Amino acid sequence: MAVYQTYINSMNERICNQFANSNPFDFKHISTLKSIENFNDVGPSVVMASPNGLQSGLSRQLFETWCSDKKNACVIPGYVLEGTLAKTIINEPKEVTLMNGLTAPLNMQVHYISFSAHADFAQTSTFLKELMPPNIILVHGEANETGRLKQKLITQFADRNTKFISPKNCQSVEMYFNSEKRVG
């Protein structure tokens, strides 16, 4: 929540006015946890974690500690990718594989909130028309959707000498540039 408080002047007028009287980001029943050692686990709990946050770290530790108890929940806001724990658990499997390789039952509630700050096709293609890059690398998104986007862009930019690449997760991409440099 510190980032929101730091940039409070970037918020709308209503939030700025409210901040002058009381902190709108100071929640009575929600707290930020810095480490699992400082947590007193006394009852039903909710971990709200980005899809990437569930891959490792504190959110993953909490998930693994709580996943077997039906009184607990996991809230996932954001876009989930294939091959991630987040993608696995939104499909509600009976059990999950833990970091140590063992399995545990998935009894906790899992709630997925579709939230994305990404551009749609029209915004992306308009941006690319303005920029006119020689290479476009599509690195984010589900493989089928990325493939569809790539095909639409290839069609739209057919009159240009633009190279489109859509590598798989963790796949390296090499690009070569000529050494000619110009200013202005």
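Refer to the structure presented above.
Residues numbered from 1 in each chain as written. Predicted model: local features only at pLDDT ≥ 70, side-chain atom pairs only at ≥ 80, totals over all residues. Heavy atoms only, no water.

Quick look at the sheet that holds strand 1 (residues 46-48) now. The strand order across the open sheet built from 3 strands is 1-2-5, with neighbouring strands paired in parallel fashion. With partners counted over all chains shown, the strands left at the sheet margins are strand 1 and strand 5 (109-113), one partner each. Mean inter-strand twist for the sheet, computed between neighbouring axes without regard to direction, equals 15 degrees. Taken together, the 3 bridges between strand 1 and strand 2 (residues 73-77) define a ladder with parallel strand orientation. Across the sheet, residue Val47 finds its bridge partner in strand 2, namely Cys74. (Pairing = 2+ DSSP bridges. Helix = DSSP H or I, 4+ residues; strand = E, 2+ residues; numbered from the N terminus. Axes fitted to C-alpha atoms, helices over the stretch in contact; angles between N-to-C directions.)

The next point concerns the nonpolar core. In this structure, Leu54, Phe63 and Ile89 are the most contacted members of the largest nonpolar core, which totals 19 residues. Only helix 3 (57-66), strand 2 and helix 4 (85-90) provide two or more residues apiece to this core. Apart from the residues within four sequence positions on either side, Ile89 is in contact with Leu54, Phe63, Cys74, Ile76, Val96, Leu106 and Val110. Leu128, Ile136, Phe157 and Phe164 belong to the second largest nonpolar core, which has 6 residues in total. (Core = buried A, V, L, I, M, F, W, Y, C linked by side-chain atoms within 4.5 Å. Buried < 20%, exposed > 50% of the residue type's maximum accessible area, 1.4 Å probe, protein only. Contact = heavy atoms within 4.5 Å.)

Attention shifts here to helix 3. Within the sequence span of helix 3, burial applies to Ser59, Arg60, Leu62, Phe63 and Trp66. Projection of helix 3 onto a plane perpendicular to its axis shows the buried side chains occupying an angular sector of 160 degrees, all on one side. Looking at the buried side of helix 3, the elements it contacts are strand 1, strand 2, helix 4 and strand 3 (95-97). (Arc of directions from axis to C-beta.)

A separate point is the packing of aromatic side chains. The description of an aromatic ring pair rests on the distance of the ring centres and on the angle between the ring planes. Counted by the stated rule, this structure contains 1 aromatic pair. Arranged with centres 6.2 Å apart and planes meeting at 50 degrees, the rings of Phe157 and Phe164 form a pair that is tilted. Across from the ring centre of Phe121, 4.3 Å away, lies the NZ or CZ of Lys152, which sits over that ring. (Phe/Tyr/Trp six-rings, centres within 6.5 Å; stacked < 30°, edge-to-face > 60°. Lys NZ or Arg CZ within 6 Å of the ring centre and 35° of its normal.)

Our focus in this paragraph is unusual backbone geometry. The residue Glu92 is not glycine, and still its phi comes out positive at about 50 degrees. At Met132, a residue that is not glycine, the phi angle is positive and equals roughly 50 degrees. Note that Met132 resides in the loop between helix 5 (121-131) and strand 6 (135-137).

As far as function goes, none of this settles anything; it's purely spatial.
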